[in-house]
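Topology and contacts: notes
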Amino acid sequence: MSTPILEISGVSKSFGAIKALTGIDFSLAPGEIHALCGENGAGKSTLMNIIAGVLQPDKGEIRIAGERTVIANPAAAQRLGIALVHQEIALCPDATVAENIFMPAINSRRAPLMNFRRLHAEAQKVMDLLAPIPVRTKVGDLSISNQQLVEIAKALTLDCRVLILDEPTAALTEPEAQRLFAIVRELRSRGISIIYISHRMAEIFSLCDRVTVFRDGRYVATDEIVSTTPDEVVRKMVGREIAQLYPDKLNEAPGRTLLKVSGLSDGERCFGVSLELRAGEILGIGGLIGSGRSEMAQTMCGLRSVAAGEVEIDGQPIRISCYADAVKAGLVYLSEDRKGSGVFLDMSIAANVSALDLGKLTGKLGLLDRRAETAQATELAKRLGVRMGGVGAAVSTLSGGNQQKVAIAKQLSVDPRVMVMDEPTRGIDVGAKAEIHRLLRELASRGVGIVVISSEMPELIGLCDRVLVVREGRVAGELAADELGEEAIIMLASGVQSNSHNARAQNVA
Amino acid sequence: MSPREAEAPIMTAQMKSESQGARWNLARLGSMREAGLIVIILALCIAMSFASPHFLTWGNFRAMLMSFSIEGIVVVGMTILLIVGGIDLSVGSVVAFSMVVSGALFLAGLDPWTASLIGIAVSALIGAVMGFFVTVVGLNHFITSLAAMVIVRGLCLIVTKGTPLSLFTLPPAFKAIGQGSFHGVPYVIIIFVVVVAVFDFLLRRATAFRKVFYTGSNEKAAQYSGIRTKQVKFWVTVLSSTLAGFAGVIYMSRFGAATPTFGAGMELNIIAAAVIGGASLNGGSGTIFGAILGMALLSVVTSSLILLDISVYWQDMIKGCILLAAVSIDHLLHRRKA
Ligand SMILES: Nc1ncnc2c1ncn2[C@@H]1O[C@H](COP(=O)(O)OP(=O)(O)OP(=O)(O)O)[C@@H](O)[C@H]1O
Ligand SMILES: [Mg+2]
């Protein structure tokens, strides 16, 4: 084999007492797509940040095209032809899509004035490869998945030799993901090397050439994709067998109605939505990006203003004028935008978990019972398997998947009656995902209502008893357990007479 | 998305989360940061005791404490407002307004206690009006309080027709608040210590104040946790003005006068103290104890400059440099940790 374009040997990195990486080896051949797998907190993002010059290793060396190199900062990485799409979205919300896409390019430009017309035209060309998002839109007005696409487009404009994609599809639905894969394959054929991080085995096995597995910050193995299997990769990742990916479905008729929504509209993004959720079942909601799935859920929970419609919990109509009312009625919503509205990054894990219901932890005189708060967070973190230093640590010190677990712990802390979860397992590894699915099933069988919005087809099909598919803000159809299948969902989601390029405006969430 | 993100476009998510992590660690070792301030203050005191024999006397110490006790009450409100992500430029004007309203009412024949209560209530009302503009109209704290600063100062001049009110007829019992002492400890200092202790404790322990941290740390996530962030911001704004009003009546008792131009520029000193003490202008972090130490540092410096006979013209400049140095050191510490 030719000299690797990138070679890592013996790299270690600690954050205080936490050892994120210990003596890692990794090598990337020219023109390959190399998958990187590992549980949440295994150190994948940390290594990528080292390669992209965001972090400095404590030990070890990096060779680029055979030459020993110190990557001092992100600008140096960019000069070396390394582009990183971060796991967490980092765009300027007040700038337009075009300005964001060309931020790195503008940064290195000499000319004092910008030719906006050309900027827009070029940005639109790159953007259209992925999705028809109008580039004059402000990034802050886009949905989280569209922001993810902008983030990818931004990396594509760089003239790079190594492209790193850290969980790029976590927020994407199937069609966008497919378009991304086509682009990635095209880049490979031009000799560009790609590091691809994902928790979705199916993607890895259809896209990548080799796969490297990390566990607990250590290198485990590198295999050719053709000579390994998803089960084997998972086994190496978690160090044990995962017997069953999805829990058994409900095998009896569902019970009484827990949640009933009728004719719900917010006047702009969802219209006349009606649905019913019964005890014991897990209801899935599918649909394309921009279909109004999240808006629908947010309207239900009082996070968007209701123009018309009614929400009933346990047969009791509830007046929801703001989210606090919904929480009081036992209806909670897990946001898909973890960093923006899901967690308090600079606050402790314990404080994050208790944010939904402080009343419960408040003792006499309105003082917070911090011992109870710690106990609650410790218990939930253990239940969800959060990998952390302690519940006093800031959430910003956790890996992406572990932050997601904290967000879920927050919902669980209030013993909700109905949980509406928007991408509940976004960024969560295979093992922990199976745990969370089992937990959701257990909650459902105890009579908690569970609604799962997911972009991940296998999750909808594997976990849910019934799936509603949303298109353009309306419920396009319903699939019972025996009708569930990727094709059926896509048909409903895109509309049968699908005109492949949906109106551009639809992408502006 | 939070304004914080708009501010540093080139920083990547990871870098940001790291520096936030570091800040949090510092906050947790809050005692460490505060310990650092204490060390600096003590070192300065020791150095000064050699430079000037008057420095380490009870008289000078008392004078220093007195000088920042009343402002210290205002710092408490400002710190809480900074934690929620706001700022209040109008505190100096509100202090003066509370003073002149109470003074004018007293001169009009009201007893001084009732007059003072009305003065404080009017200050709270100013806070409520600002809170209205921030939460309902949707302006930011900076602009709103800038306008309030000018408007309220104007009101002071209108009420007094521009001349200070002389209140030498205040009854001794009322004057005692600002001028008397209990076993040698001035009441002013006692009030200050009580206010600081109470709010420091509440901020650390009370549920209501935890919401202030949530709102300042990530307003959207707070909303998505069912916290009525507008209410939180409104009440914190009211609290800041109320404490400023309270400080105003204590000043009135202390000086036996109500001056319409009193407290001009005070807000900058107060914000500086809170920031030196670790409050972040981005919201989400800060402690009262730290802010008071910041205040103490500035006060020791002022007192030193006076004792060293350094021209008043130099004082502002030196204080500004200290602010810059303190904040820079803090920032560099964060970077090192990341
Ligand atoms: N700034 C930090 N301070 C302290 N610990 C950190 C910091 N950043 C990362 N860590 C720790 O380093 C470990 C590796 O984190 P990393 O983000 O690399 O995981 P990951 O493999 O990308 O996981 P995920 O799949 O959840 O994204 C984790 O245990 C995490 O808690
Ligand atoms: Mg990661």
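Residues numbered from 1 in each chain as written. Chains lettered and ligands numbered in written order. Predicted model: local features only at pLDDT ≥ 70, side-chain atom pairs only at ≥ 80, totals over all residues. Heavy atoms only, no water.

- As recorded in an unreviewed UniProt entry, chain A goes by the name Ribose transport system ATP-binding protein, listed as coming from Aminobacter niigataensis.
- In its Sequence similarities (unreviewed entry) section, the UniProt record describing chain A reads: "Belongs to the ABC transporter superfamily." (UniProt positions renumbered as here; feature names shortened; annotations may be inferred.)

Things to note about the overall build of chain A
- In terms of regular secondary structure, chain A is built from 18 helices and 20 strands.
- Over its C-alpha trace chain A gives a radius of gyration of 23 Å, about what one expects of a compact globule, namely 23 Å for 509 residues.
- Put simply, chain A shows about 19,800 Å² of open surface, and 50% of that area lies on carbon and sulfur atoms.
- The averaged location of the 61 negative side-chain charges in chain A is 5 Å from the averaged location of its 57 positive side-chain charges. (Helix = DSSP H or I, 4+ residues; strand = E, 2+ residues; numbered from the N terminus. Rg over C-alpha atoms; globule rule 2.2 N^0.38 Å. Areas by Shrake-Rupley, 256 points an atom, 1.4 Å probe, with all protein chains shown as cover. Lys, Arg positive; Asp, Glu negative; His and termini not counted. Charge placed at Lys NZ, Arg CZ, Asp CG, Glu CD.)

Structural notes on the overall build of chain B
- A count of helices and strands for chain B gives 15 helices and four strands.
- Buried residues in chain B amount to 53% of all 338 residues.
- The contacts in chain B between residues at least 6 apart in sequence include a share of 79% that link residues at least 24 apart.
- Entry remark: accessible area of chain B is about 14,700 Å², with carbon and sulfur atoms responsible for 72%. (Buried < 20%, exposed > 50% of the residue type's maximum accessible area, 1.4 Å probe, protein only. Contact = heavy atoms within 4.5 Å.)

Side note on the side chain of Asp422(A)
Residues and elements named next belong to chain A.
- One can find Asp422 in strand S17 (residues 418-422).
- It is Arg293 that comes nearest to the buried, bridge-free Asp422 among opposite-charge side chains, at 5.6 Å.
- Sequence-distant contacts of Asp422, that is, excluding residues within four places in its chain, are made with Ser294, Tyr333, Leu334, Ser335, Glu336 and Ile453. (Salt bridge = Lys/Arg side-chain N within 4 Å of Asp/Glu carboxyl O.)

Quick notes on the domain arrangement of chain A
Residues and elements named next belong to chain A.
- Domain annotation for chain A reports domain 1 (6-238), domain 2 (242-330 + 416-509) and domain 3 (342-413).
- The straight-line distance from the C-alpha centre of domain 1 to that of domain 3 is 30 Å.
- Tallying the contact residues gives seven residues for domain 1 and eight residues for domain 3.
- Summed over both sides, the interface between domain 1 and domain 3 buries roughly 550 Å², with carbon and sulfur atoms accounting for 39% of that surface. (Domains from an automatic or database assignment. Buried area = accessible area lost by both parts, 1.4 Å probe.)

Considerations on the coordination of the magnesium ion (ligand 2)
All names here are of chain A.
- Only Ser45 (OG) and Gln87 (OE1) from the protein coordinate the magnesium ion (ligand 2), and they sit 1.9 to 2.1 Å from it. Placement of the pair is Ser45 in helix H1 (residues 44-51) and Gln87 in the loop between strand S6 (82-85) and helix H3 (97-101), with a sequence separation of 42 residues.
- Relative accessible area serves as the criterion here: at 12%, Gln87 is assigned to the buried category. (Donors = N, O, S within 2.8 Å, 3.2 Å for Na, K, Ca; no water.)

Regarding the interface of chain B and chain A
- Taken together, the 37 residues of chain B in the interface contact 50 residues of chain A.
- Our enumeration of links across chain B and chain A arrives at two salt bridges.
- We note a salt bridge from Arg210(B) to Glu373(A), for which the minimum N-O separation is 2.8 Å.
- Across the contact surface, chain B and chain A share twelve residue pairs in polar contact (both at pLDDT 80 or more).
- Elements with a contribution of two residues or more to the side of chain B that touches chain A: helix H1 (3-7), helix H2 (13-28), helix H9 (187-205), helix H10 (207-217) and helix H11 (219-223) of chain B.
- With nine residues, the single largest contributor to the side of chain B that touches chain A is H2(B).
- Per-class residue counts for the side of chain B that touches chain A are 16 nonpolar, eleven polar and ten charged. (Polar contact = N/O pair within 3.5 Å; in protein donor to acceptor, adjacent residues only side chain to side chain. Nonpolar A, V, L, I, M, F, W, Y, C, P; charged D, E, K, R; others polar.)

Focus: the sheet that holds strand S15 (residues 316-318) of chain A
Residue and element names in this part refer to chain A.
- Strand order in the open sheet formed by four strands is S12-S11-S14-S15, with antiparallel pairing between adjacent strands. In the strand order of this sheet, the two ends are held by strand S12 (273-278) and S15, each with one partner. Within the sheet, the average angular offset between the axes of one strand and its neighbour, ignoring direction, is 20°.
- Taken strand by strand, helix H10 (residues 293-300) contacts strand S11 (257-265), S12 and strand S14 (308-313), and its axis lies near 110° from that of S11. (Pairing = 2+ DSSP bridges. Axes fitted to C-alpha atoms, helices over the stretch in contact; angles between N-to-C directions.)

Re the site of ligand 1
- Taken together, 20 residues form the shell around ligand 1, and within it Lys44(A), Ser45(A), Thr46(A), Ser399(A) and Gly401(A) come nearest.
- More than one chain reaches ligand 1: the nearby residues come from chains A and B.
- Taking Asn40(A), its side chain carries an N or O atom lying 2.9 Å from an oxygen atom of ligand 1.
- Side-chain polar atom of Ser45(A) to an oxygen atom of ligand 1: 2.6 Å apart, as the coordinates give it.
- Burial of ligand 1 by the protein chains amounts to 94% of its free accessible area of 640 Å². (Near = heavy atom within 4 Å.)

Let's talk about the packing of aromatic side chains
Residues and elements named next belong to chain B.
- Taken as a whole and judged by the stated rule, the model has 13 aromatic pairs over all chains.
- Each ring, one from Trp113 and one from Phe174, has its centre 5.1 Å from the other, and the planes form 80°; the classification is edge-to-face. Of this pair, Trp113 sits in helix H6 (residues 112-137) while Phe174 sits in helix H8 (residues 172-179), and the two are 61 residues apart along the sequence.
- Looking at Phe174, the relative accessible area reads 2%, which means it is buried.
- Through successive ring pairs, a cluster of aromatic residues spans Tyr251, Phe255 and Phe262. (Phe/Tyr/Trp six-rings, centres within 6.5 Å; stacked < 30°, edge-to-face > 60°.)

Concerning the environment of Arg185(A)
Residue and element names in this part refer to chain A.
- Looking at the element boundaries, Arg185 is found in helix H7 (residues 174-189).
- Sequence spacing of Arg185 and Glu252 is 67 residues, and the spatial spacing of their C-alpha atoms is 45 Å.
- Sequence-distant contacts of Arg185, that is, excluding residues within four places in its chain, are made with Ser206 and Leu207.

Remarks on the pairing of S6(A)
Residue and element names in this part refer to chain A.
- Of the two faces of S6, both are covered, the one formed by Ile82 and Leu84 as well as the one formed by Ala83 and Val85.
- Across four bridges, the pairing between S6 and strand S7 (residues 162-166) is parallel. Of the residues in S7, the one forming a bridge with Ala83 is Leu163.

Looking at H10(B)
- Among the eleven residues of H10(B), nine are classified as buried, and the element is accordingly described as predominantly covered.
- Inspection of H10(B) places Thr207(B), Phe209(B), Arg210(B), Val212(B), Phe213(B), Tyr214(B), Thr215(B), Gly216(B) and Ser217(B) among the buried residues, and these make up the whole buried set.

Remarks on the side chain of Ser145(A)
- Along the chain, Ser145(A) turns up in helix H6 (residues 144-156).
- Every residue in contact with Ser145(A), bar those within four places of it in the chain, is listed here: Ala171(A), Leu172(A) and Ile289(A).

Looking at unusual backbone geometry
All names here are of chain A.
- Unlike most non-glycine residues, Glu167 shows phi in positive territory, near 50°.
- Mapped onto the secondary structure, Glu167 falls in the loop between S7 and H7.
- The phi dihedral of Asp216 falls on the positive side, at around 50°, and the residue is not glycine.
- Classification of Asp216 as partly exposed rests on a relative accessible area of 45%.

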